[in-house]
Amino acid sequence: MSMPMILEPPSDGELMARVREGDREAFSDLVDRHKDAVVSYLTRLSGDRDRAEDLAQDTFLRLFRAAREYTEQGYLRAYLFRIATNLVRSAERRERRLRLLMPFFPREEHAEPAAASGMLRRELHREVSAALAKLPLRYRVPLVLHEIEGWSYVDIAQEIGCREGTVKSRVHRGRKQLKQRLEPYWTGGAAWKTTGPGGLAK
Amino acid sequence: MEDHRTRRTRQVMELLRELPSEHARPGFTARVLEQLDAEPQKASRWSFRLAPALAVAALLAVAISAGALIEWQGRARKHQEEVQALQELRAEHGRLEAELHAISATSEPPVVYLGGDEQFDYVLDLGKVRDAEVVTSATPAAYHIATF
């Protein structure tokens, strides 16, 4: 009785080697494999789901264009995250310049939380997301990579090109600033209890 | 027993980790591939538009450079002419000075021709001018502050 052959899916490195030759199917496989992670990461960084989707598409297009220069080091996702971070950085820089040129256009602001009212968990997540998006990028990136993506300080340091101590410091400052932005939820006056999908424990 | 601040930080980080993972919307990969397919056409359109613009820019650059070169050559020529004129003036001055020296070197005190007409010439004999200071080194009239 013969055993069925279980084919291992090709690794990222193998797919990238084929993408370098212009293989669209290999590229399609790579996109399918990493799209959710990239969209999720960009949503955390930008705080905007729709924009995250657009930036994610740009990320993969840049990956395709840079395929010839790409050197397989065993972690394509980190490479994708780096492209994504740079895209967010460029987008925010453009927006800052635009705001300087058009000071009379009202900026879209997230509404301040109604601290006295109770909140569903989903709305709370939305506010956390918004507060996160307002952090400076240099704190936001290491915070997201460490707290949400679960990267070690060493990996983050390698990714963003700084020392491990710097990463720890930025994560610490990111946490502090995020806590300050969410302070109204705790000082609003109402006492919330964590009862399943409820609010915050006071 | 954690303090208030530590508890807060822990709560915030828990909220952060609880943020739901996002998923790419249906058709994401297809859209990426569509954009990829559209790119070569965009590139050729752009190169089609860029080529004449680049040619015009190149022509302008050549014209401006040629104009600047002609201007520079003109200025250099003018400068050369000015230098030459100055040299000629200096040479003339030198000759006049030498002539004056030659005149003053004669034993006789110099005379100065004041003017005249068909019948008379008016000459001032400096030798006969009382207390006249013999000018041994004459300077051109333009340099005199006092005049007759």
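Source: prediction; values computed, not measured. (Residues numbered from 1 in each chain as written. Chains lettered and ligands numbered in written order. Predicted model: local features only at pLDDT ≥ 70, side-chain atom pairs only at ≥ 80, totals over all residues. Heavy atoms only, no water.)

A. Spotlight on the overall build of chain A. The helix and strand tally for chain A stands at nine helices and zero strands. When the helices and strands of chain A are placed in sequence order, the string is α-α-α-α-α-α-α-α-α. In chain A, buried positions account for 43% of the 202 residues. Approximately 11,700 Å² of chain A is accessible, and the part contributed by carbon and sulfur atoms is 51%. (Helix = DSSP H or I, 4+ residues; strand = E, 2+ residues; numbered from the N terminus. Buried < 20%, exposed > 50% of the residue type's maximum accessible area, 1.4 Å probe, protein only. Areas by Shrake-Rupley, 256 points an atom, 1.4 Å probe, with all protein chains shown as cover.)

B. Structural view of the pairing of strand S1 (residues 111-116) of chain B. Residues and elements named next belong to chain B. Relative to strand S2 (residues 121-125), S1 runs antiparallel, the two being bridged by five bridges. Counted as the bridge partner of Gly115 is Tyr122 from S2. Where S1 folds back onto S2 in an antiparallel hairpin, the turn is made up of four residues. (Pairing = 2+ DSSP bridges.)

C. Main features of a positive patch on the surface. All names here are of chain A. On the surface, Arg62, Arg89, Arg93, Arg94, Arg96, Arg97 and Arg99 cluster together to form a positively charged patch. Broken down by element, the positive patch gets its largest block of residues, six residues, from helix H4 (residues 76-101). For Arg97, the position within the fold is in helix H4. (Patch = residues over 30% accessible without salt bridge, like charges linked within 9 Å, V, L, I, M, F, W, Y side chains within 5 Å. Salt bridge = Lys/Arg side-chain N within 4 Å of Asp/Glu carboxyl O. Lys, Arg positive; Asp, Glu negative; His and termini not counted. Charge placed at Lys NZ, Arg CZ, Asp CG, Glu CD.)

D. Main features of helix H2 (residues 24-46) of chain A. Residues and elements named next belong to chain A. The terminal C-alpha atoms of H2, which comprises 23 residues, lie only 29 Å apart, well short of the 33 Å expected from a rise of 1.5 Å per residue. The N-cap of H2, judged by a side-chain oxygen 2.9 Å from the amide nitrogen of Glu25 a few residues on, is Asp23. Where H2 ends, the next residue or the one after it, Gly47, has phi of about 75°, a positive value. (Expected span 1.5 Å × (residues − 1). Polar contact = N/O pair within 3.5 Å; in protein donor to acceptor, adjacent residues only side chain to side chain.)

E. Broad picture of the packing of aromatic side chains. Enumeration over the complete set of coordinates arrives at six aromatic pairs over all chains. Geometrically, the ring pair formed by Phe60(A) and Phe28(B) is edge-to-face, given 5.9 Å between the ring centres and 75° between the ring planes. Residue Phe60(A) is located in helix H3 (residues 49-65), and its partner Phe28(B) is located in helix H2 (residues 28-104); the two belong to separate chains. Residue Phe28(B) is classed as buried on the basis of its relative accessible area, which comes to 1%. Plain terms: the ring middles of Phe81(A) and Trp151(A) are 5.8 Å apart, the flat faces sit at 10° to each other, and that makes the pair stacked. A residue pair is termed long-range when its members are at least 10 positions apart, and Phe81(A) in helix H4 and Trp151(A) in the loop between helix H6 (137-148) and helix H7 (153-160) qualify at 70 residues. Summarising the burial analysis for this pair, Phe81(A) and Trp151(A) share the class buried. Members of the aromatic cluster, connected to one another through ring pairs, are Tyr41(A), Tyr75(A), Phe81(A) and Trp151(A). (Phe/Tyr/Trp six-rings, centres within 6.5 Å; stacked < 30°, edge-to-face > 60°.)

F. Layout of a nonpolar patch on the surface. On the surface, a cluster of nonpolar side chains totalling about 300 Å² of accessible area is made up of Val56(B), Leu60(B) and Ile64(B). When its relative accessible area of 48% is taken as the criterion, Val56(B) is described as partly exposed.

G. Region of interest: the nonpolar core. Ranked by internal contacts, the top residues of the largest apolar core, which has 59 residues, are Phe27(A), Phe60(A), Leu63(A) and Leu178(A). Sort the elements by how many residues they give to this core and H2(A) lands first, with 10 residues. With residues near it in sequence (within four places) discarded, Phe27(A) still touches Val19(A), Phe60(A), Leu63(A), Phe64(A), Val32(B), Leu33(B) and Leu36(B). (Core = buried A, V, L, I, M, F, W, Y, C linked by side-chain atoms within 4.5 Å. Contact = heavy atoms within 4.5 Å.)

H. Just the interface of chain B and chain A, in detail. With 27 residues of chain B in contact, the opposing surface of chain A contributes 39 residues. A combined buried area of about 3,300 Å² lies between chain B and chain A, and 59% of that area is made up of carbon and sulfur atoms. When the buried surface of chain B facing chain A is broken down by residue, Leu15(B), Glu22(B) and Phe28(B) rank first, second and third, together holding 19% of it. Inspection of the chain B/chain A interface yields seven salt bridges. Linking Glu53(A) and Arg31(B) is a salt bridge whose minimum nitrogen-to-oxygen distance equals 3.0 Å. Listed by contribution, the elements that provide at least two residues to the side of chain B that touches chain A are helix H1 (4-18) and H2 of chain B. The greatest single-element share of the side of chain B that touches chain A, amounting to 11 residues, is contributed by H1(B). Taken together, the residues that form the side of chain B that touches chain A break down as 11 nonpolar, six polar and 10 charged. (Buried area = accessible area lost by both parts, 1.4 Å probe. Nonpolar A, V, L, I, M, F, W, Y, C, P; charged D, E, K, R; others polar.)

I. Examining the confidence of the model for chain B more closely. All names here are of chain B. Taken over all residues, the pLDDT of chain B has a mean of 78, while the share at 70 or more is 74%. Taken element by element, chain B is modelled with least confidence in H2, mean pLDDT 81, and with most confidence in H1, mean pLDDT 87. Overall fold confidence for the complex sits at a pTM of 0.60, while the interface term, ipTM, reaches 0.77. (pLDDT = per-residue confidence, 0-100.)

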